[in-house]
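Observations on chain architecture
Chain by chain, the residues run as shown.
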Amino acid sequence: MKYARLVVALALIGLLAGLGPHVLPEYWVRVLIVLGINIILVSSLGLSNGFTGVFSLGHPGFVALGAYVSGILTLELTKKGAYLPDLPGFLAGVQLPFLPATLIAGVFCALVAVVIGIPLMRLSGNYVSVATLGFLVIVNVVLVNAEQFTRGSRTFTGIPPYTDLGWVAGWAVVTLLVLSRVAYSPLGRAMRATRDDPIAAQAVGIHILPARLMAFALGAFFAGVGGALYGHYLVSFSPATFYVAMLVQQLTMLVLGGQASLTGAVVGVSAITLLSEVLRNLERGFSLGSLQVPAVFGASQIALGFIFILVMVYRPQGLLGDRELPLVTGGRVAKGAGPVYKDTVGGGRT
Amino acid sequence: MLETHDLTKSFKGLMALKRHHLRVGPGEIVGVIGPNGSGKSTLFNLISGFLRPSQGGVRFEGHEISRLAPATIARLGIARTFQGTRLFKNLSVLENVRAGAQLRYPVNLVEAVSGWGRARAHQTASEGRAWGLLELVGLAEVAAQPAGSLPYGNQRRLEIARALATGPKLLMMDEPAAGLDSHETAALLQLIRRIRDQFELAVILIEHDMDLVMNLCERIQVLAYGETIAEGTPAEVQADPRVREAYLGGVA
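Residues numbered from 1 in each chain as written. Chains lettered and ligands numbered in written order. Predicted model: local features only at pLDDT ≥ 70, side-chain atom pairs only at ≥ 80, totals over all residues.

**Overview of the overall build of chain B**
In terms of regular secondary structure, chain B is built from 10 helices and 10 strands. Over its C-alpha atoms chain B spans a radius of gyration of 19 Å, differing by no more than 12% from the 18 Å that the globule rule assigns to 252 residues. A principal-axis box enclosing the C-alpha atoms of chain B has dimensions of 65 × 40 × 30 Å. The 252 residues of chain B split such that 46% are buried. (Helix = DSSP H or I, 4+ residues; strand = E, 2+ residues; numbered from the N terminus. Rg over C-alpha atoms; globule rule 2.2 N^0.38 Å. Buried ≥ 20, exposed ≤ 12 C-beta atoms within 10 Å, placed from the backbone.)

Listed below in structure tokens is the structure:
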């Protein structure tokens, strides 16, 4: 009984992943894959940005590391010889299956997050945002210059196209399951307490650094996993794929849905993905009866920008604020959390 | 139980607290009074680890604690409330108290994700403890409301419940009666006495409300400009000419 909803959800996802590619047009399968990857990336960003209030701008850096790590580990040996001839021996002879490569990518990102988080998570408010932006810049520069591993700014290509709807749906479920169980456990309560009042949190025995570091590292783990999935979906990419444009997109989805809500992350990702698909098709021009609307390229981005502004004006806490589906919280705290999430939006808070 | 020895704090040459000595025994209710800027809040911040002493130190149950982190000190059994309250505003009333209770019921990452091990037992225990405390302070009916939406008097009570949830041996309260009317203050006095008896706590109180201090405290220490100018029973302190001078500004 307890797991009934979970079983239903899993069955639906299994059905979608199993039947989807056969029933749906390929276009929609691709939209769903990107949607699922973005759910992984944005909900993992929400753990630090929404739950601990540490407004990180470094997330695409972890996505990039995940994509490159998994890409290097899974590349066929012959292709490795051709594309990355200078790879050190221990990597040159390795070709891993998808799952272990994805897990290693996630663990690698989590370790990087711990190392940079130990100094950075002591900062707060705007300082931590700027510092994590610095991390993103550093990752980009390192990837461009580490030609031995990444082919530099040239396209990294030849990555096996492992990512399909099944993998993405599976990882999205695992991500949301783990994040929701953490966010609504004592660990997540510690994160939310440090966000609301770090001084009071310390006075009740909560150490700030471990609480923030756990959110940051766990978020980085799933960013790495999502990055691996994205890499094996794109098949070829360059450091520029994981930069400011990706950051803006992730933040938009997160803030639109509601930072302190995993449900909100899913809603934000879905809303923006579907809207931008619809708008993208409209901007190619369409005809309404006798009325012929010409193609206006770029109009979809402008429309999205307007929608974002309107939401922020009328619902600055995002569509969901900090409310969750009872499914996410285990039916425990949902009623208590309340829609009052106000003065922590934007992360400019100590 | 608690002892400050030679405790001194200066902020860029300004002596906020000078060579302070205070001993608090188990179950005692001690008041610290003094005009504004006399070093009372500095004393609390030194004991609870939010400030480091310039000299001297704090001993709690025989251990030197003045170099420990605030969260570590809370774990040792010193809880505090803040001037003007500091709640987790976006968390529900119940969640606020559970945030206090959870240091006695730790759960690690694997347990939190899997629900194995201590997770369930600790969940139940901390929730039960939180409900008990909410009933004690009379907030069980509003348990699901966001803490930030409570009226001021109730926020005070919630902060006390959250502090008690940490399982303290010593409770430090910074101006608990500020902003309360005489009726609420009387209820607060009853509550503090009841808490002390039920949980066998020692209490240190910073307060400007003389009625409350004189009625509640067994011993009172008076600070002025960082110096201890008097210490004794309420009657002794009230009779002390230096105390009158400090409060009346040398007119007496």
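**Notes on the interface of chain B and chain A**
Across the contact, 33 residues belong to chain B and 29 residues belong to chain A. Mapped onto the side of chain B that touches chain A, the elements with two or more residues apiece are helix H2 (70-76), helix H3 (93-101) and helix H4 (109-114) of chain B. The dominant element in the side of chain B that touches chain A, judged by the number of residues it contributes, is H3(B), at five residues. Here the residues of the side of chain B that touches chain A are counted per class, giving 17 nonpolar, nine polar and seven charged. (Contact = placed C-beta atoms within 7 Å. Nonpolar A, V, L, I, M, F, W, Y, C, P; charged D, E, K, R; others polar.)

**Remarks on the sheet that holds strand E5 (residues 63-64) of chain B**
Adjacent strands of a sheet form backbone hydrogen bonds with each other and so pair up, either parallel or antiparallel. All names here are of chain B. Strands sit in the order E2-E1-E4-E5 across an open sheet of four strands; the sheet is antiparallel. The two strands at the open ends of the sheet, each matched to only one other strand, are strand E2 (14-24) and E5. In this sheet, E5 lies alongside strand E4 (residues 55-60) in antiparallel orientation, the contact comprising two bridges. Within E5, the residue paired with Phe60 across the bridge is His63. With respect to the sheet, helix H1 (residues 40-47) is in contact with strand E1 (2-11), E2 and E4, its orientation differing from that of E2 by roughly 65 degrees. (Pairing = 2+ DSSP bridges. Axes fitted to C-alpha atoms, helices over the stretch in contact; angles between N-to-C directions.)

**Remarks on the sheet that holds strand E8 (residues 202-206) of chain B**
All names here are of chain B. One open sheet accounts for six strands, arranged E6-E7-E8-E3-E9-E10; its pairing is mixed. The strands lining the two open edges of the sheet, one partner per strand, are strand E6 (78-80) and strand E10 (227-232). For this sheet, the mean inter-axis angle between neighbouring strands, taken without regard to orientation, is 20 degrees. Sheet topology places strand E7 (residues 170-174) next to E8; five bridges connect them, and they run parallel.

**Structural notes on the nonpolar core**
Grouped together as the largest cluster of nonpolar side chains are 163 residues, with contacts concentrated most on A:Cys109, B:Ala161 and B:Leu205. Looking at this core, the element that brings in the most residues is helix H12 (residues 208-234) of chain A, giving 17 residues. Per-domain counts for this core show at least three residues from each of domain 1 (2-77 + 168-248) and domain 2 (87-151) of chain B. Each residue touching B:Leu205, except ones within four places of it in the same chain, is listed here: B:Ile29, B:Gly31, B:Val32, B:Met173, B:Pro176, B:Val213, B:Leu216 and B:Cys217. (Core = buried A, V, L, I, M, F, W, Y, C linked by C-beta atoms within 7 Å. Domains from an automatic or database assignment.)

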